[in-house]
Amino acid sequence: MGGYQNMELIKNKKVGKVLLIVEGGKHEFSLMKKIFVDVLGYTQIEQRRGNTKYYMRPGERHSVIAVINTKTSNISSINEEDYLERIFGELLINYDFDIDDAAIYYLFDRDPESNVNPDLIKSLIAMLTNSRDNENYMRGGMLILSYPSIEAYEISNFLDNSSKIEKKLGSEVKAYINENAKIISMNKINENSIIHGVTELITYLKELGMGMDLDKFSSVNKEVFNDEEQYLETNNRFKLLSMFSFVLADLGILREA
């Protein structure tokens, strides 16, 4: 995938089992529901932090998306193996959801107030490079970062040159969305806006001299992180960006037209 061509969304793509491990509470679950249930018609299973109950939204039975929280909102929770293994076991028993057959994605924000350890993030970028099979690691998983928060993805769905917007904290991004609610709204996300979102990401990557190359995801992820960290150090804020479109591309939902 070179990443410089027009993109299309494959609505009838069957993706099997997909596990999204997210740091946040309500917002990430609502966004995943909007994309995977409302737009794509998939089945979604949810398990939120602090709630022992699971919730299932039935849809396409050959495309099952499980969205679960890490133990805490800190990115170090990726290493909480006992907690995650318990949830993995519950998914298998209750929903016949075998983690070993799933594509796995870790969605985290680079908000410097919630994730304060860039060295840990660097090591995870190096480790979590493939959704199904990682070298020297127990199982698959891609680290999908947003700068400074997942709300950057929503903005990229609706605004051109969204990476030119600069914010330091996720709270500032939420305030920006609220100020521009007539244009930017999770409820308005649709097939066209999702394509707009990936086009915005491709534009940013092109400026770095890179493409949306899944075979080189680790390198791309590292370059984006370094670029954003350098910008933060110089300007005390990030260029608004989310890598979430890589999830849809990796699953074959987004592809070059």
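Please refer to the structure placed before this passage.
## Describing helix α5 (residues 170–179)
Where α5 is concerned, the buried positions are G170, V173, Y176 and I177. Taken down its axis, α5 places every buried residue within 115° of arc, on the same side. Among the exposed residues of α5, those oriented more than 90 degrees off its buried face are N178 and E179.

## Quick word on the packing of helix α3 (residues 118–127) against helix α7 (residues 217–235)
The contact between α3 and α7 brings their axes to 9 Å, and the two run at 160°. Between α3 and α7, the angle is such that the two are roughly antiparallel. Seen along the crossing, α3 lies across α7 with a hand that is right-handed. Where α3 abuts α7, its residues P118, I121, K122, I125 and A126 lie against S218, N221, K222, F225, N226 and E229.

## A closer look at the nonpolar core
L20, F36 and F244 are the most contacted members of the largest nonpolar core, which totals 88 residues. Here this core gets seven residues from one element, more than from any other, and that element is helix α6 (residues 191–207). When sequence neighbours within four positions are dropped, the list of residues in contact with F36 reads L20, G41, Y42, Q44, I65, F244, L248, L251 and I253.

## Describing the environment of V18
Mapping V18 onto the fold places it in strand β2 (residues 16–22). Given a relative accessible area of 0%, V18 falls into the buried group. For the pair formed by V18 and N192, sequence separation is 174 residues and the distance between their alpha carbons is 23 Å. Excluding residues that lie within four positions of it along the chain, V18 makes contacts with V64, I65, A66, F97, A102, A103, Y105 and L251.

## Here's the deal with empty space enclosed by the protein
Going through the model one piece at a time under the given rule, you end up with three cavities of 30 Å³ or more. Taken as a whole, the second largest cavity encloses approximately 60 Å³ of empty space. As for the second largest cavity, its lining consists of A152, Y153, S156, S162, G197, E200, L201, L240, L241, S242 and S245. Contributing elements (two or more residues each) for the lining of the second largest cavity: α4 (151–158), α6 and β11 (241–242). Of the residues belonging to the lining of the second largest cavity, the class tally is five nonpolar, five polar and one charged.

Reading the values: the criteria
Residues numbered from 1 in each chain as written. Predicted model: local features only at pLDDT ≥ 70, side-chain atom pairs only at ≥ 80, totals over all residues. Heavy atoms only, no water. Buried < 20%, exposed > 50% of the residue type's maximum accessible area, 1.4 Å probe, protein only. Helix = DSSP H or I, 4+ residues; strand = E, 2+ residues; numbered from the N terminus. Arc of directions from axis to C-beta. Axes fitted to C-alpha atoms, helices over the stretch in contact; angles between N-to-C directions. Parallel < 35°, antiparallel > 145°, perpendicular 65-115°, else oblique. Left-handed = near helix turned anticlockwise from the far one by under 90°. Contact = heavy atoms within 4.5 Å. Core = buried A, V, L, I, M, F, W, Y, C linked by side-chain atoms within 4.5 Å. 1 Å grid on protein atoms, 1.4 Å probe; cavity = no way out; pocket = protein on both sides within 12 Å on 5 of 7 lines; lining within 4 Å. Points joined across faces, edges and corners; volume = space filled by probe spheres on them. Nonpolar A, V, L, I, M, F, W, Y, C, P; charged D, E, K, R; others polar.

Honestly, that's just the spatial picture; any functional story needs more than this.
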